[in-house]
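Residues per chain, in single letters:
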Amino acid sequence: MHKKQISLLGHGQVQSRILIIVVLLILFSTSLLGCTGESSQQSMSKGEATSTMPADNTAEPSNTPPKPTQTKTLSPTPTPTATPTKVVTPQPITEENIGKLELTGMLGKGSLGTVAWSPDGATLAVPTSTGLYCYSFDGKKFSEERLLAKGKFLINALFSPDGKLIYSGSRDGKIFIVNSFSGRVEALLEGHEDEVSTISITNDGSKLASGSRDHTIRIWDLSTREQLQVITPGRGFVLSVSFSPDGSKLASSTAYPELTVHLWDVETGLEIQKIQGCEDYDREVQFNPDGKTIVVNCGIPLFWEFGSGNVWSPIKSWAGTYVFTPDGKELISTREDQAIVVRNTSNWEEKKVISGLPNAVKQLSITQDGVYLAAVLIDNSINVWNLNKGLVLDSISGSCFGDWINFIEFKPDYNLLYTADYSGEIKFWSVHQQNITKQFSAYVYMNNKLAVSSSSNEIATAYNDRIAIWSATSAKLIRLMNGAIDEYTSEIDFSPDGKLVAAGDKNKIHLWDTKTGAESLTIRGNLGMVWSVDFSPDNLTLASGSLDGSVKLWDANTGYLIRTVGSKLSDVRDVSFSPGGELLAAATADGRNVIVWDTLGFQEVFKLGGFYDWVNCLSFSPDGMLLAAGSSDGTVRIWSLDDGEELAFLRGQESKVIDINFSPDGTILATAGGDSAVRLWKISNTP
């Protein structure tokens, strides 16, 4: 019966049932499309298909009516929120956190030494007072600057014949052996007691000769790295050494008072011959590649035929520096008109002239294939020529290389630092980016400092025989102060209100009106060079420090002597009022001390010492709670002005510290000096 009922179902019933199944499938599919996509995304993420279920897997519909389809609103997938970068607020340097003071940056690359090409001409090694910079060269451009032997004051550099090692003499008398690939310092040659001023390597790479300011020449075995010979040419320090092509002889030149060129037997260390009479200071010596003559730089190249002793010169014009091509067929030298001249050594006629250089050349170096010539200019830039084509290929900017830095000062905030160096270049540095934003040449005297007005709009310098005021924004000359100044003008200072500028010279102090340029006062009373002047915060008093060992206070309006604070302090190099004017500090040279007085009764409050050489510079922290001083021994000491306790001893400079300055917010201490770089000290944020 049951079977019969099923078999008796009509076509209409069957169609009705099929229609219901189709409707349910449609509703089910619609429901799937109305989802947020989460399930389909999950199945796709697992590699599953998202197709509709086939009809033969569809179950019989239940008697429960289907629920109405609900369309779900699609929401965008939320974008992951980036973790915010934690902004580290610089901390002012205080007595409480000074234990975390550390060297965090450096402005500049230092002063240049004697550069050298690698044997394959692919690398130029540039020794500086802050380390050894290596520049890759592809025949067209420089790239891939690397700093090796970081922090070492290096004077010269030479590659081993296979190019694997770089030898570099240092300021402290050591010779560094650096792996040119890894940059690792592999060994030190030690024995000299002063600066290694010159080095030379034999063509086979077996021996190295070094000359020093300690008046000795040392010959080293480079396989064992042992010292073979110690030669003492005379009383002058050694300027230059050069091996003969076969390595059996060594030529050397010494400085005043000897003014002598020697020829030595390398095996025995005995003198073979010598010549005297070259009056020029440079006196670089080189062997002619033919091995028969020694060329001595005496303003013009002198050829010394050491067998016969004959001395002659095929070039009658001045040649500042020169180099032979490796095959000895050409001599490349400089001329007084800043040109570079290439001469044939067969007839000494000019073959090629490279002109149009922006500055004079102070050093030449040529690749072993004789194709590329590197010239170091007096602005410390390095230019490279293709000698075959006579084209300038590329240059290394000299802006980050320099001379002794005489002056540093932050204005108006801690991100801008002014520097002035020995050559007269004034540079504006971005402390954050550690690069130069502006530079110009503003004065000519080598030992002068400069001054920046409190508004940071004007800069005062010694310019020829006058004091000049420059715009700090345009670097244009605004005005020259009336009245000549002495050649030895030392330090300049603006009054806090910017109305006056003061400068000290041999035994006088000059004051000018900054608006009119008129000299308002000439103060006499010192018996020696006035090294330092500083206005009090209230503009009323001018302090001076002098070679005569005195600290004097002058009325800035009348020039009258108010009082002499110290009179037996032995060469006062710097004087400074504290920010609030409550204290006056003085740095002494021979005494190696810092003296601090209160400005009410001018009683001595502290006598601070510990230095092993002259104290050159002072800086109070902006809150007046700390005093920092820099010395010729290369160190900086910081004291508490609460009790005179020494809080910090810093040694980061590779030479004397000439100037020191706290930033206006007290978060940075900048030091600068003889190694031609500025070091920045901050409080570490490391827990």
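None of these values were measured; they are calculated from a predicted model.

*Asks:* In this structure, what is going on with the overall build of the protein chain? I would like to understand it.
*Replies:* Assigned secondary structure in the protein chain consists of three helices and 56 strands. Residues counted as buried form 52% of the 687 residues belonging to the protein chain. Summarising the internal contacts of the protein chain: among those between residues at least 6 apart in sequence, 41% fall at separations of at least 24. Accessible area for the protein chain stands at about 32600 Å²; split by element, carbon and sulfur atoms hold 50% of it.

*Asks:* Whenever I open this one, the pattern of salt bridges confuses me. Can you help?
*Replies:* Charged atoms that come close allow side chains of opposite charge to pair. Counted by the stated rule, this structure contains 13 salt bridges. In this structure, the salt-bridge partner of Arg 171 is Glu 195, at a minimum N-O distance of 3.7 Å. In this pair, Arg 171 is assigned in the loop between β7 (165–169) and β8 (175–179) and Glu 195 in the loop between β9 (185–189) and β10 (196–201), connecting sequence segments 24 residues apart. Classification of Glu 195 as buried rests on a relative accessible area of 15%.

*Asks:* Where do I start with the nonpolar core in this structure?
*Replies:* Formed by 17 residues in total, the largest nonpolar core has its most connected members in Trp 117, Leu 124, Val 126, Phe 142 and Ile 382. Elements represented by at least two residues in this core include exactly β3 (123–128), β4 (131–137), β27 (372–377) and β28 (382–386). Apart from the residues within four sequence positions on either side, Trp 117 is in contact with Thr 123, Leu 124, Phe 137, Phe 142, Phe 159, Ser 365, Ile 366, Thr 367, Tyr 372, Ala 374 and Val 384. Counting 16 residues, the second-largest nonpolar core is a separate cluster that includes Leu 101, Ala 648, Ile 660 and Leu 669.

*Asks:* Quick question: what am I supposed to make of the confidence of the model for the protein chain here?
*Replies:* For any part of a model where pLDDT is low, the fine detail of the predicted coordinates should not be relied upon. Confidence along the protein chain averages 83 in pLDDT terms, with 84% of residues attaining 70 or more. Note on residues 1–77: pLDDT under 50 across the span, and 20 contacts to partners over four residues away in sequence or across chains.

*Asks:* What should I look at first to understand the layout of surface pockets in this one?
*Replies:* Over the atoms, a rolling probe the size of a water molecule traces out where space has been left empty. Taken as a whole, the second largest pocket encloses approximately 1000 Å³ of empty space. As for the second largest pocket, its lining consists of 39 residues, of which Glu 409, Lys 411, Asp 534, Ser 576 and Asn 661 are closest to the centre. At the level of secondary structure, the elements contributing two or more residues to the lining of the second largest pocket comprise β30 (405–410), β34 (451–452), β38 (492–494), β42 (530–535), β46 (572–577), β50 (615–620) and β54 (657–662). For the lining of the second largest pocket, the class distribution of residues is 22 nonpolar, nine polar and eight charged.

*Asks:* I tried to follow the environment of Ala 209 on my own but got confused; where do I start?
*Replies:* Residue position: Ala 209 is located in strand β11 (residues 207–212). Beyond its immediate sequence surroundings of up to four residues, Ala 209 is in contact with Thr 198, Ile 199, Ser 200, Arg 218, Ile 219, Val 241, Phe 243 and Leu 250.

*Asks:* How do you make sense of the environment of Arg 679 when you look at a structure like this?
*Replies:* If you trace the backbone, Arg 679 turns up in strand β56 (residues 678–683). Taking the C-alpha atoms as reference points, Arg 679 and Thr 104, separated by 575 residues in sequence, lie 7.9 Å from one another. With residues near it in sequence (within four places) discarded, Arg 679 still touches Leu 103, Gly 105, Met 106, Thr 130, Gly 652, Gln 653, Glu 654, Leu 669, Ala 670 and Thr 671. Within the structure, Arg 679 has its side chain in polar contact with the side chain of Asp 675 (distance 2.6 Å).

*Asks:* Help me understand the packing of aromatic side chains in this model?
*Replies:* In this description, an aromatic ring pair is defined by two values, namely the gap between the centres and the angle between the planes. For the structure on display, the rule yields twelve aromatic pairs. The interplanar angle of 20 degrees and the centroid separation of 6.5 Å between the aromatic rings of Trp 117 and Phe 142 together place this pair among those described as stacked. One end of the pair, Trp 117, is in strand β2 (residues 116–117); the other, Phe 142, is in strand β5 (residues 142–148), and 25 residues separate them in sequence. Residue Phe 142 is classed as buried on the basis of its relative accessible area of 13%.

Parameters at a glance
Residues numbered from 1 in each chain as written. Predicted model: local features only at pLDDT ≥ 70, side-chain atom pairs only at ≥ 80, totals over all residues. Heavy atoms only, no water. Helix = DSSP H or I, 4+ residues; strand = E, 2+ residues; numbered from the N terminus. Buried < 20%, exposed > 50% of the residue type's maximum accessible area, 1.4 Å probe, protein only. Contact = heavy atoms within 4.5 Å. Areas by Shrake-Rupley, 256 points an atom, 1.4 Å probe, with all protein chains shown as cover. Salt bridge = Lys/Arg side-chain N within 4 Å of Asp/Glu carboxyl O. Core = buried A, V, L, I, M, F, W, Y, C linked by side-chain atoms within 4.5 Å. pLDDT = per-residue confidence, 0-100. 1 Å grid on protein atoms, 1.4 Å probe; cavity = no way out; pocket = protein on both sides within 12 Å on 5 of 7 lines; lining within 4 Å. Points joined across faces, edges and corners; volume = space filled by probe spheres on them. Nonpolar A, V, L, I, M, F, W, Y, C, P; charged D, E, K, R; others polar. Polar contact = N/O pair within 3.5 Å; in protein donor to acceptor, adjacent residues only side chain to side chain. Phe/Tyr/Trp six-rings, centres within 6.5 Å; stacked < 30°, edge-to-face > 60°.

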